[in-house]
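One-letter residues, chain by chain:
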Amino acid sequence: MAGKSVGNIGVMTSGGDAPGMNAAVRAVVRTAIINGINVYAILDGYQGMVDGTGIRELDWHSVGGVMDQGGTFIGTARCKEFRERDGRLRAALNLVKNGIDKLVVIGGDGSLTGADTFSQEWPGLLQELQDNGKLTVEECSACPKLQIVGLVGSIDNDMCNSDMTIGADTALHRITDAIDALSSTAASHQRTFVVEVMGRNCGYLALASAIATGASWTLIPEMPPEDGWEDRMCGLIRSATAAGRRDSIVIIAEGARDRKGQPITSNYVRDVLEKELKRDVRITILGHVQRGGAPSAYDRYSATVQGFRAVENIINMKDGDESSIVGIRRHRTAVVPLMESVRLTRSVPDKIAAGAYDEAVALRGGSFKNMLNIFNTMMQAVPKGGKPGRETGCFAVMTCGWPAAGMNPAIRTVVRLGLDHGHTILGVNNGFEGLISGDLVEMDWMQVEDWMRCGGTALGTNRTRPAESDFYMIAKNIEKFNIKGLIMIGGWTGYEGMNNLCKMRRNFPAFRIPMVCIPATINNNLPGAELSIGADTALNNIVDVIDKIKHSSDSSRRAFIVEVMGRYCGYLAVISALSTGAEIVYFHEEGVTLDRLQKDLDQLVKSFSNGRKIALIIRNENANPVYTTDFICSLFEEAGGHLFDMRKSVLGPLQQGGVPTPFDRLLGARLAYEGLTHLEKCLAENSDRCIFLGMAEGTLNQHDFSQMENMSSEEHQRPVEQWWLKAAELARSLATIEK
Ligand code: F6P
């Protein structure tokens, strides 16, 4: 980063709190300190700035141990005084008195707009303060401009130009947990629940949670339901009940409206359902629970990289640069103009009011539109049985490799979408073993009802690769069951097995069918996919446990070494290190040397002698065959002497278990939707194209099997290019042990 001299930076959180704000503040503070810049917290948002009593310098240690806390430890507020010029005048005085001429504002569109107005008024405000004698000429000339960088902290995920706002992923965790819990009580009583979720004018939380939980119906502001929706909603729930569904959940966004612009309330929906369905309906308004609690792994990670980028941006700002926000676009940090993003965001309600619903949806971004398509298909209570003119056939789906949370949601999507389009869907039990022995079953609609929330894979899986001697039986079964396309959801062994089938086409004509590989492994080591299904759940499992491990040592001096999975891929180790603030991370791509161990050890000893209480080391299971977790633990224990104890945790299979996170459910649904669409296209065009799918830089890509080898390292079973490698350096610099 450029070593240019910069005045003091103020960092504040404003508006509704959002989980992940603490990680952002930590990253801002530590990145500023690394660059020799003083950084001040402005406590309680604009209120602290207006009052002037809440401006406090932060040091390296003042942001230690905050990442796992929900909310914002520097406080936030919705401040009325700052909306008036007089309030902003007082705020300017207080900033100048502290030498602050750069602000990192973490908040929603209202807070960011306020910051931009403030920055534009700044010269006038300073002139007035100088004229009335509150500031000297020197004080004013030390801070001639106020530069702003915004980070979007809001659970609503409502900022145009940024794909994910800080806090939205965690809120989705809270919502899916709550709806999973509600659905079991709903099913017990055969009840319907109307669940109201937050989001102001944005339907992201409602729509994403509706897909993630398999809800019956959802109402969002961007796409008000067509007149007569009440009958359609009741009709769908009625036929789902007749098909065997015991619970029904209707998710309503707090800002939902009808086509006349009238709010649709949960009470209204409840009354309609009770009257028409003649059954018990209960309302649950999730409220502020959605904003609370520990941030998810994604929110910690993304807030950290955005906080880092904000300071980098402030350092490199030139005179005349307009205020910007750092957001996430295409799975990377991006700097975008603040006011343009706010303008677009604020135009959404106008589009809705004008009946331009497609435009409103488009403004929310491509993935919002995709989610809407997926939900509209998936909410069908019973299979429609295809469209006239669409070719139908029999497709098979199987899971291979170790289980990964999110496999079941992917299978469910294949089954429901396939049946909805009139195809026959066969489930292959136990991966390639089932394909060899002919253990295939016809899947039905209700069988997969609950699978959005089930971990692992209900079809069974293992790491069997078909041997040459198995090809004959596989070919025979493909013919016997008249399979016209095959989807494999799984990891490395599944990819290899499918590739081998494809290579054997000349000898076995039965293999001349389209095939699709969908990436699903906690290791996140597959070509063409920046994130595979299951990796997010594993990361959250790791982060949850590490939070507990860290708190177990509140009163003693301890260093923990935690071994995580991933085989030869360090993704889980590096991203969990970044998300938990680990001081040391060892992973295979980087390797471990004796020299490195010695340096880390020296720093640990120095740091514990200076009063450190806890240190965290994360080691990828295959980081080095000699410097094992046991070896490092014993080495450090011996050298730590009376200064610190070592404790070892090998996390093992708990990383693979548990219910899928909302992200893995959505990713599973999205990839499965694409996989089935590919098979249908091939059926219509008489093609046998074999592809592997994956999201990369926010785009869903298809690659031919022939690219598999070039894109991966066979020896270490991982992709040649890995986007996350840079994160290791950031994780280390923000948790440097010697500070
Ligand atoms: O913007 C975040 C948000 O939680 C919205 O989803 C919600 O409408 C609003 O804030 C609630 O605000 P308050 O916490 O001030 O009641």
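Residues numbered from 1 in each chain as written. Predicted model: local features only at pLDDT ≥ 70, side-chain atom pairs only at ≥ 80, totals over all residues. Heavy atoms only, no water.

## A short note on the overall build of the protein chain
Step number 1: Helix and strand content of the protein chain: 24 helices and 24 strands.
Step number 2: The C-alpha radius of gyration of the protein chain comes to 27 Å, within 12% of the 27 Å expected for a compact globule of 739 residues.
Step number 3: For the protein chain, the spread of C-alpha atoms along the three principal axes comes to 90 × 70 × 45 Å.
Step number 4: Evaluated residue by residue, the protein chain yields a buried proportion of 62% over its 739 residues.
Step number 5: A sequence separation of at least 24 residues applies to 79% of the contacts in the protein chain between residues at least 6 apart. (Helix = DSSP H or I, 4+ residues; strand = E, 2+ residues; numbered from the N terminus. Rg over C-alpha atoms; globule rule 2.2 N^0.38 Å. Buried < 20%, exposed > 50% of the residue type's maximum accessible area, 1.4 Å probe, protein only. Contact = heavy atoms within 4.5 Å.)

## Comments concerning the site of the ligand
Step number 1: Taken together, R78, I155, D156, M198, G199, R200, E254, H288 and R291 make up all the residues around the ligand.
Step number 2: At a separation of 3.1 Å, an oxygen atom of the ligand approaches a polar backbone atom of G199.
Step number 3: The contact in question runs from an oxygen atom of the ligand to an N or O atom on the side chain of H288, over 2.8 Å.
Step number 4: When isolated, the ligand has an accessible area of 400 Å², and the protein chains bury 75% of it.
Step number 5: For the shell around the ligand, a count of residues per class yields two nonpolar, two polar and five charged.
Step number 6: Per-domain counts for the shell around the ligand show at least three residues from each of domain 1 (8-165 + 296-329) and domain 2 (168-290). (Near = heavy atom within 4 Å. Polar contact = N/O pair within 3.5 Å; in protein donor to acceptor, adjacent residues only side chain to side chain. Areas by Shrake-Rupley, 256 points an atom, 1.4 Å probe, with all protein chains shown as cover. Nonpolar A, V, L, I, M, F, W, Y, C, P; charged D, E, K, R; others polar. Domains from an automatic or database assignment.)

## So, helix α10 (residues 297-315)
Step number 1: Over its 19 residues, α10 runs 28 Å from end to end, which matches the ideal 27 Å to within 8%, given 1.5 Å per residue.
Step number 2: For α10, the tally of buried residues reaches 16 of 19 residues, placing the bulk of the element in the interior. (Expected span 1.5 Å × (residues − 1).)

## Observations regarding the domain arrangement of the protein chain
Step number 1: The domains assigned to the protein chain are domain 1 (8-165 + 296-329), domain 2 (168-290), domain 3 (394-532 + 660-713) and domain 4 (537-657).
Step number 2: Each of domain 2 and domain 3 was reduced to a C-alpha centroid, and the two centroids are 32 Å apart.
Step number 3: Residue-level contacts link 15 residues of domain 2 with eleven residues of domain 3.
Step number 4: When domain 2 packs against domain 3, close to 1100 Å² is buried across both sides, 58% of that on carbon and sulfur atoms.
Step number 5: When residues of domain 2 are sorted by the area they lose upon contact with domain 3, D180, I211 and A212 head the list and together hold 35% of the total.
Step number 6: Seen at the junction of domain 2 and domain 3, the total is three salt bridges.
Step number 7: Broken down by secondary-structure element, the contributors of at least two residues to the side of domain 2 that touches domain 3 are α6 (168-189) and α7 (204-213).
Step number 8: Partitioned by chemical class, the residues of the side of domain 2 that touches domain 3 number six nonpolar, six polar and three charged. (Buried area = accessible area lost by both parts, 1.4 Å probe. Salt bridge = Lys/Arg side-chain N within 4 Å of Asp/Glu carboxyl O.)

## Structural notes on the pattern of salt bridges
Step number 1: Taken as a whole and assessed by the stated rule, the structure comprises 35 salt bridges.
Step number 2: In this structure, D180 engages R453 in a salt bridge whose closest nitrogen and oxygen atoms are separated by 2.8 Å. In this pair, D180 sits in helix α6 while R453 sits in the loop between β14 (440-442) and α16 (471-480), placing the two residues 273 residues apart along the sequence.
Step number 3: Overall, the relative accessible area of 14% leaves R453 in the buried class.
Step number 4: Measuring nitrogen to oxygen at the nearest pair gives 2.7 Å for the salt bridge that ties R332 to E530. Of this pair, R332 sits in strand β11 (residues 332-337) while E530 is found in the loop between β16 (515-519) and α18 (535-551), placing the two residues 198 residues apart along the sequence.
Step number 5: When its relative accessible area of 27% is taken as the criterion, R332 is described as partly exposed.

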